[in-house]
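Residue-level structure breakdown
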Amino acid sequence: MNAVPQPEAAPLRLAPMTEAWLDAVAALEKQAYTHPWSRGNFTDSVVAGYHACVLLQGQALRGYYVLMKGLDEAHLLNITVDPGHQGQGLARLMLDDLAGWSARQGAQWLWLEVRTSNARARRMYERYGFKEVGVRRNYYPLSAFKREDAVVMSLPLSAGAAA
Ligand SMILES: CC(C)(COP(=O)(O)OP(=O)(O)OC[C@H]1O[C@@H](n2cnc3c(N)ncnc32)[C@H](O)[C@@H]1OP(=O)(O)O)[C@@H](O)C(=O)NCCC(=O)NCCS
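The text that follows walks through the structure, step by step, so that each part is easy to find. Quick caveat: nothing in here was measured; it's all calculated off a predicted structure. (Residues numbered from 1 in each chain as written. Predicted model: local features only at pLDDT ≥ 70, side-chain atom pairs only at ≥ 80, totals over all residues. Heavy atoms only, no water.)

1. Considering the nonpolar core
The following threshold applies: Think of a nonpolar core as a cluster: buried Ala, Val, Leu, Ile, Met, Phe, Trp, Tyr and Cys residues, connected wherever their side-chain atoms sit within 4.5 Å. Buried residues are those whose accessible area, probed at 1.4 Å on protein chains only, stays under 20% of the maximum for their type, while exposed residues exceed 50% and partly exposed ones sit between those limits. Secondary structure is summarised from DSSP: a helix means a run of H or I of at least four residues, a strand means a run of E of at least two, and numbering begins at the N terminus for each. Whether two residues are in contact is decided by their heavy atoms: any pair within 4.5 Å suffices.
Core analysis: the biggest nonpolar cluster contains 28 residues, and Leu76, Leu110, Tyr125 and Phe130 have the highest contact counts within it. Listing elements by their share of this core, those giving two or more residues are strand E2 (51-57), strand E3 (60-69), strand E4 (73-81), helix H3 (90-104), strand E5 (109-115), helix H4 (119-128) and strand E7 (147-156). If we ignore the near neighbours within four places in the chain, the residues touching phenylalanine 130 are Leu95, Leu110, Leu112, Tyr125, Met153, Ser154 and Leu155. Within the second largest apolar cluster, 13 residues are counted, among which are Val25, Leu28, Phe42 and Tyr64.

So, in structure tokens, the structure goes:
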């Protein structure tokens, strides 16, 4: 039997996170986290002028990131991939994009916090070259009575990252 030709997947592209995307972003956020950001958190980030992008395939939202630029550093506040499309290199693609953007803005370091229990994300950051540089005690809410530590990670941005 001949194989049925499959339609090619639309190419991936990154675009600015505009107001029009915020409902879809907030919906995906709820699927991806036990303690999601609210829609208002994303609105505030966009209004504050943070560098925020959506990762699109055709008109479908596959992921997004939010980055805050400091003087000589950039702070990654959120990076999320659609649970149905994880493990396909999409986070790495966004890390390449945001690291390149940060380097072109003159940042020398990328910083982030990650829950100690988020083994998958920690492993991803380590594989990308981030190093653990500290711990913020009780940084994240965990339950009504408990909080969870954050691991602080950083990555030096070489000139190569700007390519
Ligand atoms: C963490 C997250 C962003 C990773 O996204 P992703 O697109 O699946 O990651 P990638 O496919 O780009 O893989 C990057 C690395 O993650 C790790 N990884 C990917 N899939 C994995 C899996 N199924 N199991 C364990 N590790 C995995 C690998 O180390 C991989 O590196 P490699 O390609 O060199 O092997 C995604 O799981 C996610 O959105 N999680 C929920 C939100 C979250 O925790 N965000 C981070 C907050 S700090």
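2. Description of the site of the ligand
Short version of the rule: Note on terminology: near, applied to a residue and a molecule or strand, indicates that one of the residue's heavy atoms is within 4 Å of it. N or O atoms within 3.5 Å of each other form a polar contact, as long as, within protein, one can give a hydrogen and the other can take it, and as long as residues adjacent in sequence are counted only when both atoms are side-chain atoms. All accessible areas in this document rest on Shrake-Rupley with a 1.4 Å probe, and a residue is counted as covered only by the protein chains that are shown. Side-chain classes follow a simple rule in which Ala, Val, Leu, Ile, Met, Phe, Trp, Tyr, Cys and Pro form the nonpolar group, Asp, Glu, Lys and Arg form the charged group, and the remainder, Gly included, forms the polar group.
Taken together, 21 residues surround the ligand, and among them Val81, Gly87, Gly89, Asn118 and Arg127 come closest. A distance of 2.6 Å separates an oxygen atom of the ligand from a polar atom in the backbone of glycine 89. Between arginine 127 and the ligand, the recorded distance is 2.8 Å, taken from a side-chain N or O atom to an oxygen atom. In the complex, the protein chains occlude 77% of the 930 Å² of accessible area that the ligand would expose alone. Those elements that place two or more of their residues in the shell around the ligand are E4, H3, E5 and H4. When its residues are assigned to classes, the shell around the ligand shows 10 nonpolar, six polar and five charged.

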